[in-house]
Amino acid sequence: MAQPERPLSPFLQYRWQYTNTLSILHRITGILLSLSFFLLVYWLAAAAAGPVEYSAARAMLGSPLVKLILAGGLFSFCFHLLNGLRHLFWDAGYGFELPLARKTGWAAAIGAIVLTVLLWAVLATAVGGGA
């Protein structure tokens with residue numbers, strides 16, 4: 001008796017798409033943005049507590065590991081902002097065409113990198129700490 005051909009499971013037929021990556025990255029940056037909020041609260045609380053606590057906070061926030069975390073938080077903000085604007089256009093019914101969706105996806109990713117570098121340079125200059 002011959003076995004009837006059965007359909008394959010969807011995960012065996014599925015091909016990874018760029019929209020998956022952007023969607024997952026949007027969710028991850030949202031979580032990282034929320035976690036970065038604690039560093040902002042710490043900095044503000046130290047500033048309100050007085051000069052001794054503030055200088056200790058600046059020393060801690062100036063360490064290389066924390067600077068890396070801050071850069072990741074800044075990238076999270078930039079990407080989440082740009083991709084969120086993209087989603088707002090989608091909510092209004094614009095930008096669903098595949099070529100345009102691809103272009104806006106690339107624009108959000110590349111724009112986030114460029115905006116992160118620019119903001120990091122401006123903030124480093126304004127604060128005087130340097131990157």
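Note that the structure is a prediction, hence the values are computed from the model and not measured. (Residues numbered from 1 in each chain as written. Predicted model: local features only at pLDDT ≥ 70, side-chain atom pairs only at ≥ 80, totals over all residues. Heavy atoms only, no water.)

Enquirer: Can you break down the packing of aromatic side chains residue by residue, with the values?
Expert: Inspection of every chain in the model, using the stated rule, returns 3 aromatic pairs. With centroids separated by 6.1 Å and ring planes inclined at 20°, the aromatic side chains of phenylalanine 75 and phenylalanine 79 adopt a geometry described as stacked. One end of the pair is phenylalanine 75 and the other is phenylalanine 79, both in helix α4 (residues 64-91) and 4 residues apart, which spans about a single turn. Phenylalanine 79 gets classed as buried once you look at its relative accessible area, which sits at 0%. Note on tryptophan 90 and phenylalanine 96: the rings are 5.9 Å apart at their centroids and 20° apart in plane angle, and the pair reads as stacked. A residue is classified by how much of its surface remains accessible, and phenylalanine 96, at 54% relative accessible area, is exposed. (Phe/Tyr/Trp six-rings, centres within 6.5 Å; stacked < 30°, edge-to-face > 60°. Helix = DSSP H or I, 4+ residues; strand = E, 2+ residues; numbered from the N terminus. Buried < 20%, exposed > 50% of the residue type's maximum accessible area, 1.4 Å probe, protein only.)

Enquirer: Hey, could you go over the packing of helix α2 (residues 18-49) against helix α3 (residues 51-61) for me, with residue numbers and the actual values?
Expert: Contact geometry of α2 with α3 gives a least axis separation of 7 Å together with a crossing angle of 150°. As summarised for this structure, α2 and α3 are arranged roughly antiparallel, according to the angle between their axes. On α3, the residues that touch Leu39, Tyr42, Trp43, Ala46, Ala47 and Ala49 of α2 are Glu53, Tyr54, Ala56, Ala57, Met60 and Leu61. A per-class count over the contact of α2 with α3 returns 11 nonpolar, no polar and 1 charged. (Axes fitted to C-alpha atoms, helices over the stretch in contact; angles between N-to-C directions. Parallel < 35°, antiparallel > 145°, perpendicular 65-115°, else oblique. Contact = heavy atoms within 4.5 Å. Nonpolar A, V, L, I, M, F, W, Y, C, P; charged D, E, K, R; others polar.)

Enquirer: Tell me about α2, and name the residues and values.
Expert: With 32 residues, α2 ought to run about 46 Å at 1.5 Å a step, and its terminal C-alpha atoms sit 46 Å apart, in line with that. Of the residues making up α2, those classed as buried are Asn20, Leu22, His26, Thr29, Gly30, Leu39 and Ala46. Buried positions along α2 lie against α3, α4 and α5 (98-127). A positive backbone phi angle near 135° is found at glycine 50, which sits one or two residues after α2. (Expected span 1.5 Å × (residues − 1).)

Enquirer: Quick one: what's the story with the packing of α2 against α4, residue by residue and with numbers?
Expert: Axis separation between α2 and α4 bottoms out at 8 Å; the angle between their running directions is 130°. By the angle class used here, α2 and α4 are oblique. Along this stretch, α2 crosses α4, giving a crossing that reads as left-handed. Within the contact between the two elements, α2 uses Tyr18, Leu22, Leu25, His26, Thr29, Gly30, Leu32, Leu33, Ser36 and Leu39 and α4 uses Ile69, Leu70, Gly73, Phe75, Ser76, Phe77, Phe79, His80, Asn83, Gly84 and Arg86. Partitioned by chemical class, the residues of the contact of α2 with α4 number 11 nonpolar, 9 polar and 1 charged. (Left-handed = near helix turned anticlockwise from the far one by under 90°.)

Enquirer: Go over α4, please, and point to the residues and values.
Expert: A rise of 1.5 Å per residue sets the reference length of α4, with its 28 residues, at 40 Å; its end C-alpha atoms lie 40 Å apart and thus fit the reference within 8%. If you check which residues of α4 are buried, you get Val66, Gly73, Leu74, Ser76, Cys78, Phe79, Asn83 and Arg86. Structurally, α4 contributes buried residues whose contacts are with α2, α3 and α5. A positive phi of about 95° marks glycine 93, the residue just after α4.

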